[in-house]
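Structure assessment
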Amino acid sequence: MVALLTVETVVLAMMAVLVAGLLRSHAEILRRLHDLGSGLDPDRVDLPDAVTASLLRPRPGALGTATDVSGTTPGGEAVAIGIAGSAHRTLLAFLSSGCTTCHGFWSGLAAPGTSVPLPGNPRVVVVTRDPSEESPTAIGSLAPAGAAVVMSSRAWADYGVPGSPYFVFADGPSASIVGEGTARTWDQLADLVGQASADSGGTRRGAGSSQVTSTSLSGPLREARADAELSKAGIYPGDPSLHARGIGEVFPGR
Amino acid sequence: MSRLAAHGIEATLPSGWDGAVFCRTPGPGESTYPIMHAANFALPSDRGDYGAGAVESMGSGGVFVALVEHGPQSVSTPLFAKRGFALPLAARHFNPAGLQRVIRGQAGYQRFFNEAGRAFCLYVVIGSVGNARRLANLATGLLESVSIGGVPS
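Criteria and thresholds
- Residues numbered from 1 in each chain as written.
- Chains lettered and ligands numbered in written order.
- Predicted model: local features only at pLDDT ≥ 70, side-chain atom pairs only at ≥ 80, totals over all residues.
- Heavy atoms only, no water.
- Pairing = 2+ DSSP bridges.
- Helix = DSSP H or I, 4+ residues; strand = E, 2+ residues; numbered from the N terminus.
- Contact = heavy atoms within 4.5 Å.
- Buried area = accessible area lost by both parts, 1.4 Å probe.
- Salt bridge = Lys/Arg side-chain N within 4 Å of Asp/Glu carboxyl O.
- Polar contact = N/O pair within 3.5 Å; in protein donor to acceptor, adjacent residues only side chain to side chain.
- Core = buried A, V, L, I, M, F, W, Y, C linked by side-chain atoms within 4.5 Å.
- Buried < 20%, exposed > 50% of the residue type's maximum accessible area, 1.4 Å probe, protein only.
- Phe/Tyr/Trp six-rings, centres within 6.5 Å; stacked < 30°, edge-to-face > 60°.

This part takes up the pairing of strand E6 (residues 107–115) of chain B. Residues and elements named next belong to chain B. Where E6 meets strand E7 (residues 118–126), 9 bridges bridge the pair, whose relative direction is antiparallel. Among the inter-strand pairings, phenylalanine 113 is bridged to a residue of E7, identified as phenylalanine 120. Between the end of E6 and the start of E7, which pair antiparallel, lie 2 residues, with alanine 116 showing a positive phi angle near 55°.

What follows is the structure, encoded as structure tokens:
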């Protein structure tokens, strides 16, 4: 009887060691998969909203230097997009043809009237991996006419993109990254861009209002905004009203 | 700063500049040749060879450069007899009447030339005559980085 109990105890102990080893191995596999970026598609990992919404946020300036993006179009032509030093803000959308969450963003690009306007109206540039890693035909069929699309694995490396979809919000005049992270929908992305803008002092969504107001614009950004507003009003460089010698020339009778 | 290279045309763009080297898809019985566009503002995807659709959104500090190749039959014609870009560009080179489509305040410069056995038209638009000297320097800086090789096989 004693011998039987001893054998059973030894067997149980061996099984416990075996199970512990299996659990440890499983944990190691999961950890390595996470390091490789697997599971960034929020549909698959089912990230809680609170976690996703906290991802697009300013990061320390030393890590947040924006760089220009160059590569090829889905049609195979050479293209470069100015980010650092440009007069505007740019939202880089790192998308792929395979991720299911990306499809919502591709279709949002295809029907800009149906997607939520992004606060501050930043330039949106889609960046995919190189044609050697991503099908130009698939990207060409997903990308709507008029959308800026650059195929550049180098840009993914430069910005440390872990997977798709991923978004980097860059400020041109300061050549800095003011926010980055992932999102599920255009609505969520719009909120996150507004939040990142407000946090970085660029644009702010007024409480209870859909109107976006700009604050703390730097010189080139302010110049670009003024140029855009003036050209909308039909006032171009050289217009006499820009060189009035007095208020009376602009508002006769005053 | 970005490097563009395609169709035997290479350029280094200053930081913040957009650019592209491309060749339009020819229609039936048509031949098309390479075009380089560069600008210090956001270039829309849909734009004409000489910047229509882009220069309208250009601010007073804007510079748009188009390098448009013509067919090999043009190389030996008098219009393309000059060689190279003839840099540096200066304020006096720019004229509102030199624009393809007159936009108030803007000025343009055009030069037909040959390089490496190829015929080109260089077309530069600046956003403000008042800033011509500074903007001409920006255009010169870009064009100094452009190199044109022989016709790619």
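Contact residues are listed per partner, giving 29 residues for chain B and 25 residues for chain A. With both sides pooled, the region where chain B packs onto chain A buries about 1700 Å², and carbon together with sulfur makes up 48% of that total. Taken together, the connections running from chain B to chain A amount to 1 salt bridge. Our enumeration of links across chain B and chain A arrives at 12 residue pairs in polar contact (both at pLDDT 80 or more). Contributions of two or more residues to the side of chain B that touches chain A are made by strand E1 (2–6) and strand E3 (18–22) of chain B. Examined bridge by bridge, strand E2 (residues 78–81) of chain A and E3(B) share 3 bridges and lie antiparallel to one another. Paired with A:Ala80 across the strands is B:Gly19, a residue of E3(B).

With that settled, consider the nonpolar core. If you look at the biggest cluster of nonpolar residues, it comprises 37 residues, and the most contacted ones within it are A:Val69, A:Ile83, A:Leu92, A:Phe94, A:Val127, A:Tyr159 and B:Phe64. Ignoring sequence-local partners within four residues, the contact set of A:Val127 consists of A:Val69, A:Leu92, A:Ala93, A:Phe94, A:Leu95, A:Val150, A:Ser152, A:Ala155 and A:Trp156. By size, the runner-up hydrophobic cluster in this structure holds 32 residues, among which are B:Met36, B:Tyr109, B:Leu122 and B:Leu142.

Right, let's talk about unusual backbone geometry for a bit. In this structure, A:Pro165 follows A:Ser164 across a cis peptide bond, with omega equal to 0°. Inspection of the secondary structure puts A:Pro165 in the loop between helix H6 (153–158) and strand E6 (166–171). Phi is positive for A:Ala175, which is not a glycine, with a value near 55°. The residue B:His7 is not glycine, and still its phi comes out positive at about 55°. Along the chain, B:His7 turns up in the loop between E1 and strand E2 (9–13). Judged by its relative accessible area of 27%, B:His7 is partly exposed.

Our next topic: the pairing of E2(B). The side chains of a regular strand alternate between the sheet's two faces. All names here are of chain B. Residues Ile9, Ala11 and Leu13 of E2 are buried on one face, while the alternating residues Glu10 and Thr12, pointing to the opposite face, are not. Where E1 and E2 come together, 5 bridges link them in antiparallel fashion. Each bridged residue has a counterpart across the sheet, and for arginine 3 the counterpart in E2 is threonine 12. In textbook terms, the turn of a hairpin is the stretch between consecutive antiparallel strands, and for E1 and E2 this stretch comprises 2 residues, one of which, histidine 7, has a positive phi near 55°. In this structure, E2 lies alongside strand E8 (residues 147–148), joined through 2 bridges in antiparallel fashion. Bridge assignment links isoleucine 9 to a residue of E8, and that residue is isoleucine 148.

What follows is about the sheet that holds E8(B). As summarised here, the arrangement of the 3 strands in space is E1-E2-E8 (chain B), forming an open sheet in which the pairing is antiparallel. Taken across any chain shown, the strands that pair with only one partner, and hence form the sheet edges, are E1 and E8 of chain B.

Here we come to the environment of B:Gly150. Looking at the secondary structure, you find B:Gly150 in the segment after E8. Overall, B:Gly150 belongs to the partly exposed group, its relative accessible area being 42%.

In the structure shown here, the tally under the stated rule is 9 aromatic pairs over all chains. With centroids separated by 5.5 Å and ring planes inclined at 85°, the aromatic side chains of B:Phe80 and B:Phe112 adopt a geometry described as edge-to-face. Taken together, the residues span a long stretch of sequence, with B:Phe80 in the loop between strand E5 (63–70) and E6 and B:Phe112 in strand E6 at a distance of 32 residues. Classification of B:Phe80 as buried rests on a relative accessible area of 4%. These aromatic residues form a ring-pair network of at least three members: A:Phe94, A:Trp156 and A:Tyr159.

These values are about where atoms sit, not about what they do.
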